[in-house]
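Structural overview for review
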Amino acid sequence: MTIRSLTNREYLEITALDAVLVDGFDDCIIGIGHRIGMPPLIIYDKWKILHKLVTVFNVPEDEAEEHFEYNIVGQYAGDATPIFTEVFK
């Protein structure tokens, strides 16, 4: 099996064993972050998450940012806590 034949989640499970994933947002992952002496982290695209909250999970637009900040970013999981980035277009 080659890396190209793996799903994103399968690849992450191999390369970032202890990383924390946010349920329901695998399609918002844009990569893996590496830091010296620390475990790899999952990197999510903030804008994709906000879009999915509104379009898939039916969170009203005016509440999506607060939901994201409190319920997703606010869930600290130690050194394995994901990174949420604002991708420049």
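Computed from a predicted structure; not experimentally measured.

Moving on, we come to helix H3 (residues 61–73). Quick reminder: α-helices carry 3.6 residues per turn. Residues three or four places apart thus point the same way. Taking 1.5 Å of rise per residue, the 13 residues of H3 would be expected to cover 18 Å, and the 17 Å separating its terminal C-alpha atoms lies within 8% of that figure. Along H3, the sharpest kink reaches roughly 35°, centred on His67. Taken residue by residue, H3 has Ala64, Phe68 and Ile72 as its buried positions. Structurally, H3 contributes buried residues whose contacts are with helix H2 (46–55) and strand S3 (83–85).

Before going further, it helps to spend a moment on the packing of H2 against H3. Two elements in contact, H2 and H3, have axes separated by 9 Å at closest approach and are oriented at 120°. Accordingly, the angle class assigned to the pair H2 and H3 is oblique. In the packing of H2 onto H3, the handedness of the crossing is right-handed. Along the contact surface, H2 presents Lys46, Ile49, Leu50, Leu53 and Val54, while H3 presents Glu61, Ala64, Glu65, His67, Phe68, Glu69 and Ile72. Per-class residue counts for the contact of H2 with H3 are seven nonpolar, one polar and four charged.

Criteria and thresholds
- Each chain has its residues counted from 1, following the order in which its sequence is written.
- Only residues with pLDDT of at least 70 get local features here, since the model is predicted, and only at 80 or more are side-chain atom pairs given and counted; chain-wide, interface and lining totals rely on the full set of residues.
- Calculation of side-chain values draws on the structure's entire complement of heavy atoms; hydrogens and water are dropped beforehand.
- Numbering of helices and strands runs from the N terminus, with a helix taken as a DSSP run of H or I at least four residues long and a strand as a DSSP run of E at least two residues long.
- What a helix should span is 1.5 Å times the count of its residues minus one.
- To obtain the bend at a residue, axes are fitted to the seven residues ending there and to the seven starting there, and the angle between these axes is taken.
- Type-normalised accessible area, obtained with a 1.4 Å probe on protein chains alone, sets the label of each residue: buried when under 20%, exposed when over 50%, and partly exposed for intermediate values.
- Whether two residues are in contact is decided by their heavy atoms: any pair within 4.5 Å suffices.
- All axes here are fitted lines through C-alpha atoms, helices being fitted over the stretch that makes contact, and every angle between N-to-C directions spans 0 to 180 degrees.
- Note that the term roughly parallel is reserved for angles under 35 degrees, roughly antiparallel for angles over 145, roughly perpendicular for angles of 65 to 115, and oblique for everything else.
- The sense of a crossing depends on the near helix, which, turned anticlockwise from the far helix by less than a right angle, makes the crossing left-handed and, turned clockwise, makes it right-handed.
- Polar here means any residue outside two lists: the nonpolar Ala, Val, Leu, Ile, Met, Phe, Trp, Tyr, Cys and Pro, and the charged Asp, Glu, Lys and Arg; Gly therefore counts as polar.

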